[in-house]
Amino acid sequence: MKFSLFLHMERYDETVSHAQLFDELLALCDLAEEGGLHKVWIGEHHSMEYTISPNPIPLLAAVAQRTKKIRLGAGTFIAPFWHPLRMAGEAALLDVISGGRAEIGLARGAYQFEFDRMLNSVSANDGGKYLREMVPVIRKLWEGDYAHDGEIWQFPVSTSVPKPVQAHPTIWIAARDPDSHKFAVANGCSVMATPLFKGDDEVKDLVRKFDEACEASPAVPRPELMILQHAYVHQDDDGWKRPAEAISYFFRAFGAWAGNKKPPVNGFHKDIAPLDPVKFADIVPDALRQGVMIGKPDEIIARLKAYEAMGVDEYSIWVDSAMTFEEKRDSVKLFIDQVLPAFA
């Protein structure tokens, strides 16, 4: 099983500058490269201070210029917000800049908040049709001249300029429901699946959906399955408390943005609910110890070995939370030093 880091710049108030956050993101990516992690992932979000990345390409290009081996995942582009020509060209440019290290993730989009601002309030539930049309189009554009007359996009003969260094850059699809798994596998795409805070049983269920999708497309070579999950490694007996509290706050912030009930103020959400142990039973700190991946190195190794035995190809450490840079850095270092060697 390979391991990667999934991160954004993030802030919950104005006490930290964007310039400092950029430097800290680069430092975490440097640590991932030096520590032998396989990949770093950076996604796309708009007008939200708690996940800052309006376009993963410039951030990943900056990482590419200071690294040599680590692969670079755009995880994920929100397909409805892109034109296929722009998507194909910018993704290929990242591959050129990085010397063939780019991997491209695509998602249908999750926040109605973003669709209200980026796509004239089209329902986020309609994002899947943009994704399904996008995937084959960008592959054809990477291959050469292609004209498209689809439901969403139409354009005359065009091609991706530049072309990617890799003959066939890996495309990943963010998937949770069975139909998304089946679409991804049938189209030769790898799958990134997120159990959120639902623990090992949810991971088993996501693996089952992926396996069933592979069985439904027997002629397609098996793609890869990645599990994206919040993870924090600690050493002290009570070291789980701080990350559990910070990750709980992250999920409550996620809920405020997803609920889309009140507008943010200058990019900050002022409607983050307090921790109600009845309303939020799944994300109280005690529950999150197993709902996400929080533990001492030997505990983390045991759970990850079980994931590996299920058939998970890549595990991505999701570091977004309300923790400080130093706390994130120390956890990643512990993972590299004390967990990663068990999978050498």
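Before reading on, note that the structure itself is shown above.
Remember, predicted model here, so these are calculated numbers, not experimental data.

Attention now goes to the packing of helix 2 (residues 56–66) against helix 3 (residues 84–97). Two numbers describe how helix 2 lies on helix 3: the axes approach to 9 Å, and their chain directions differ by 10 degrees. Taken together, the axes of helix 2 and helix 3 lie roughly parallel to each other. Each of Ile57, Leu60, Ala61, Ala64 and Gln65 in helix 2 lies in contact with helix 3, whose residues at this interface are Glu90, Ala91, Leu94 and Ile97. Here the contact of helix 2 with helix 3 is composed, by residue class, of 7 nonpolar, 1 polar and 1 charged.

Counted according to the given criterion, the structure contains 20 salt bridges. The salt bridge partner of arginine 71 is glutamate 103, with a shortest N-O separation of 2.5 Å. Residue arginine 71 is found in strand 3 (residues 71–78), and its partner glutamate 103 is found in strand 4 (residues 102–107); the two are separated by 32 residues along the sequence. In terms of burial, arginine 71 and glutamate 103 fall into one category: buried. For the salt bridge of aspartate 330 with arginine 329, the shortest nitrogen-to-oxygen distance reads 3.2 Å. According to the relative accessible area criterion, aspartate 330 is partly exposed, its value standing at 38%. A relative accessible area of 30% means that arginine 329 is categorised as partly exposed.

Here the focus is the pairing of strand 11 (residues 314–318). Judged by how many residues are buried, strand 11 sits mostly within the fold: 5 of 5 residues are covered. Going residue by residue along strand 11, you find Glu314, Ser316 and Trp318 tucked away on one face and Tyr315 and Ile317 tucked away on the opposite face as well. By the bridge criterion, 5 bridges tie strand 1 (residues 2–6) to strand 11 in an arrangement that is parallel. Note on strand 11: the bridge partner recorded for lysine 2 is glutamate 314. Strand direction decides the pairing type here: strand 9 (residues 225–233) and strand 11, joined by 5 bridges, are parallel. Bridged to histidine 230 within strand 11 is tryptophan 318.

In this section: the packing of aromatic side chains. Tallied over the full model, the rule gives 20 aromatic pairs. Measuring from centroid to centroid gives 5.0 Å for phenylalanine 3 and phenylalanine 343, while their planes differ by 70 degrees, and the two rings are edge-to-face. One end of the pair, phenylalanine 3, is in strand 1; the other, phenylalanine 343, is in the segment after helix 11 (325–339), and 340 residues separate them in sequence. Measuring from centroid to centroid gives 6.4 Å for phenylalanine 251 and tryptophan 318, while their planes differ by 85 degrees, and the two rings are edge-to-face. You can see phenylalanine 251 sitting in helix 8 (residues 241–259) and its partner tryptophan 318 sitting in strand 11, a full 67 residues away along the chain. Taken individually, phenylalanine 251 and tryptophan 318 each receive the classification buried, so the pair is uniform in this respect.

Between the first and last C-alpha of helix 5 (residues 127–143) there are 25 Å, a value that for 17 residues agrees with the 24 Å anticipated at 1.5 Å per step. A maximum bend of about 25 degrees is found in helix 5 at methionine 134, where proline proline 136 lies one to four positions downstream. Looking at helix 5, one finds that the buried residues are Gly127, Gly128, Tyr130, Leu131, Glu133, Met134, Val135, Val137, Ile138, Leu141 and Trp142. Positioned one or two residues after helix 5, glycine 144 has a phi angle of 160 degrees, which is positive.

Rules used throughout
Residues numbered from 1 in each chain as written. Predicted model: local features only at pLDDT ≥ 70, side-chain atom pairs only at ≥ 80, totals over all residues. Heavy atoms only, no water. Axes fitted to C-alpha atoms, helices over the stretch in contact; angles between N-to-C directions. Helix = DSSP H or I, 4+ residues; strand = E, 2+ residues; numbered from the N terminus. Parallel < 35°, antiparallel > 145°, perpendicular 65-115°, else oblique. Contact = heavy atoms within 4.5 Å. Nonpolar A, V, L, I, M, F, W, Y, C, P; charged D, E, K, R; others polar. Salt bridge = Lys/Arg side-chain N within 4 Å of Asp/Glu carboxyl O. Buried < 20%, exposed > 50% of the residue type's maximum accessible area, 1.4 Å probe, protein only. Pairing = 2+ DSSP bridges. Phe/Tyr/Trp six-rings, centres within 6.5 Å; stacked < 30°, edge-to-face > 60°. Expected span 1.5 Å × (residues − 1). Bend = angle between axes of the 7 residues up to and from the residue.

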